[in-house]
Amino acid sequence: MFQEWRGQTFPRMLEYSARNWPENIAVRSGDEAITFAELQRRVRNVSLALHSLGVQPGDHVAYMMSVSTRWVEVFFAALSLGAKLVPLNLTWVGHEIPQGLKLTDAKFLLIGAEHRGEKLVTKFTDALPELSRFEPGKCVFPELALETVIVTGEGASVPSFAFHFERLVQETSGEPWPPQGYTDPSPGDDALLLLTSGTTSFPKPVIHTHESMLCGICNYADGLEAMQSDTFLHTTPNYHVGGIISMCIPIMRGGTSRLMPWFDPEEAMRLIESDPVSLFWGFDTHFAMMRNHPSYGKYNLSSIRRTMSGSNPATFDAIYAMGFEHVGSLYGTSESMGGSTYFPYRDRFDFERMKQSNGRPTSGEVRIVSQETGKEVPVGEPGEICVNGPSLFKG
């Protein structure tokens, strides 16, 4: 089913959803509910604000911000302008910040107001004290491409070197769309520089195109049988491939993305019951945090019918015991847009395979080959995992 998004782009995806399901709720965050029609309008307003700052096709736009409706708007807006998104890890401190900006050649930087009580601008002024010497849009660093810093968030304290994004959005909201000279991005255009390999060394950027991202997201949307009546609880950080996939799956299929600024087990259970939530993605840790919370049993979690699970057979029984009829184990990397294999909902009655495997190849090929000979090995023998397909990264 990934074929449905071959030759497509993110602005076309959002336009498709806004035309087909204009009054459906696309995003819920806190008490706020945004329809697809309203989301498209907001994305265009944010695009105009970014364009007014000089964002052009091919520019690298980095962000460090909590999961929020503004993040969703920035995500689609930057991609609609043909820019490349650079998600920055919210846990970075000190030298990690300039190192990440240098690796990705980020020219524009959006900083959220705060995350879990920590003021994010302070992270950057501590890591880059030279910022205080610059005017908005006139940053000059000998080893960085960074020129423009934007601060976003209600009530955010905006330093002298940054633009106030909410003010810019308000000032440009009456301008016509598309802006003069606008050109649609192409499916093969670079869209995302996703920093990965952080478990073994400092992350390196993986480059994805519009098409490779959409094909990877669609693989999961199909395996989950996601539809317009679904609500997907967003539990993962927006700098992780899982966070991007989780936000996009329901928007691709006319459903609702229920956002959490960060994962809190009791709040997650409360939202599962109240919304109610039908789709859930998490590592085994997310499931364990809910199962081991003192309030577990207080909330009704039975609305969840389909899951994506970064787990293994050792934790399967504990997750299954929570009442989820489908535990969709997956195997993947940032390089393959999160998934090379997935256990789809349609196979849920094959209980032993659901427990012991990571499902089917999502698209293309998955082979286990000998590192010595390069030839495929028999079932049960160790070897190197090799994957190919339309969701594979560009470089």
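Scope of this entry: the structure provided in the associated data block. (Residues numbered from 1 in each chain as written. Predicted model: local features only at pLDDT ≥ 70, side-chain atom pairs only at ≥ 80, totals over all residues. Heavy atoms only, no water.)

**Side note on the overall build of the protein chain**
Within the protein chain one finds 12 helices and 20 strands. Taking 395 residues into account, the globule formula puts the C-alpha radius of gyration at 21 Å, and the protein chain, at 21 Å, falls close to it. For the protein chain, the spread of C-alpha atoms along the three principal axes comes to 60 × 55 × 40 Å. Summarising the internal contacts of the protein chain: among those between residues at least 6 apart in sequence, 69% fall at separations of at least 24. Of the roughly 17,000 Å² that the protein chain leaves accessible, carbon and sulfur atoms contribute 48%. Across the protein chain, 33 positive and 45 negative side-chain charges occur, with their mean positions spaced 2 Å apart. (Helix = DSSP H or I, 4+ residues; strand = E, 2+ residues; numbered from the N terminus. Rg over C-alpha atoms; globule rule 2.2 N^0.38 Å. Contact = heavy atoms within 4.5 Å. Areas by Shrake-Rupley, 256 points an atom, 1.4 Å probe, with all protein chains shown as cover. Lys, Arg positive; Asp, Glu negative; His and termini not counted. Charge placed at Lys NZ, Arg CZ, Asp CG, Glu CD.)

**Side note on helix H4 (residues 96-104)**
Three or more residues of H4 are buried, namely Ile97, Pro98, Gly100, Leu101 and Thr104. The buried residues of H4 occupy an angular sector of 160 degrees when projected down its axis, which confines them to one face. In this fold, the buried residues of H4 make contact with strand E3 (60-64), strand E4 (84-87), helix H5 (120-127), strand E10 (190-196) and strand E11 (204-209). Where H4 terminates, the next one or two residues include aspartate 105, which has phi positive at roughly 55 degrees. (Buried < 20%, exposed > 50% of the residue type's maximum accessible area, 1.4 Å probe, protein only. Arc of directions from axis to C-beta.)

**Some details on the side chain of asparagine 89**
Its location among the elements puts asparagine 89 in the loop between E4 and H4. Exposure remark for asparagine 89: the relative accessible area of 19% places this residue in the buried category. Polar side-chain contacts of asparagine 89 include one of 3.4 Å to the side chain of tyrosine 239. If we skip the residues at most four places from it in the chain, asparagine 89 touches Met64 and Tyr239. (Polar contact = N/O pair within 3.5 Å; in protein donor to acceptor, adjacent residues only side chain to side chain.)

**Things to note about the nonpolar core**
Grouped together as the largest cluster of nonpolar side chains are 65 residues, with contacts concentrated most on Phe10, Phe75, Phe76, Phe165, Ile249, Ile251 and Met308. Each residue touching methionine 308, except ones within four places of it in the same chain, is listed here: Tyr220, Leu224, Phe232, Ile245, Ile249, Phe280, Trp281, Gly282, Phe287, Gly328, Leu330 and Tyr342. Residues Ile111, Val121, Leu144 and Ala162 belong to the second largest nonpolar core, which totals 31 residues. (Core = buried A, V, L, I, M, F, W, Y, C linked by side-chain atoms within 4.5 Å.)

**Section: the sheet that holds strand E18 (residues 360-361)**
Taken together, 3 strands build an open sheet; the order of strands is E16-E17-E18 and the sheet is antiparallel. In the strand order of this sheet, the two ends are held by strand E16 (330-331) and E18, each with one partner. (Pairing = 2+ DSSP bridges.)

**A short note on the side chain of histidine 115**
Its place among the elements puts histidine 115 in strand E6 (residues 114-115). On the accessibility criterion, histidine 115 (14% relative accessible area) is buried. If near-sequence neighbours (up to four positions away) are discounted, histidine 115 is found in contact with Ser66, Leu90, Leu120, Pro261 and Trp262.

**What about the pattern of salt bridges?**
Throughout the structure, instances matching the rule amount to 23 salt bridges. Across the pair glutamate 38 and arginine 41 runs a salt bridge whose closest N-O atoms are separated by 2.6 Å. Taken as a pair, glutamate 38 and arginine 41 lie in helix H2 (residues 36-52) at a separation of 3 residues, close to a single helical turn. Of the charged contacts in the structure, one is a salt bridge between lysine 84 and aspartate 190, with a shortest N-O distance of 3.5 Å. Taken together, the positions of lysine 84 in strand E4 and aspartate 190 in strand E10 put the pair 106 residues apart, joining distant regions of the chain. Beyond isolated ion pairs, a larger network of salt bridges with shared partners links Glu32, Glu38, Arg41, Arg42, Arg70, Glu73 and Glu166. (Salt bridge = Lys/Arg side-chain N within 4 Å of Asp/Glu carboxyl O.)

**Comments concerning unusual backbone geometry**
The omega torsion across tryptophan 177 and proline 178 is 0 degrees, close enough to zero to call that bond cis. Mapped onto the elements of the fold, proline 178 is located in the loop between helix H6 (165-172) and E10. Despite not being glycine, aspartate 105 has its phi angle at roughly 55 degrees, a positive value. Relative to the assigned elements, aspartate 105 resides in the loop between H4 and strand E5 (108-112). We classify aspartate 105 as partly exposed; its relative accessible area is 47%. Of note in the backbone geometry, arginine 116 takes a positive phi value of approximately 55 degrees without being a glycine. Along the chain, arginine 116 turns up in the loop between E6 and strand E7 (118-119).

**Focus on the packing of helix H1 (residues 10-20) against H2**
Direction vectors running N to C along H1 and H2 enclose 145 degrees, while the axes themselves pass 8 Å from each other. The two elements H1 and H2 meet at a crossing, and its hand is left-handed. Seen from H1, the contacting residues are Leu14, Glu15, Ser17 and Ala18; seen from H2, they are Phe36, Leu39, Gln40 and Val43. Here the residues of the contact of H1 with H2 sort into 5 nonpolar, 2 polar and 1 charged. (Axes fitted to C-alpha atoms, helices over the stretch in contact; angles between N-to-C directions. Left-handed = near helix turned anticlockwise from the far one by under 90°. Nonpolar A, V, L, I, M, F, W, Y, C, P; charged D, E, K, R; others polar.)

**Structural notes on the pairing of strand E15 (residues 306-310)**
A regular strand places its side chains so that they alternate between the two faces of the sheet. By the criterion of burial, E15 is predominantly enclosed, with 5 of the 5 residues buried. The two faces of E15 match: Arg306, Met308 and Gly310 on one face and Thr307 and Ser309 on the other face are all buried. Where strand E14 (residues 279-283) meets E15, 5 bridges bridge the pair, whose relative direction is parallel. From the neighbouring strand, leucine 279 faces E15, where its bridge partner is arginine 306.

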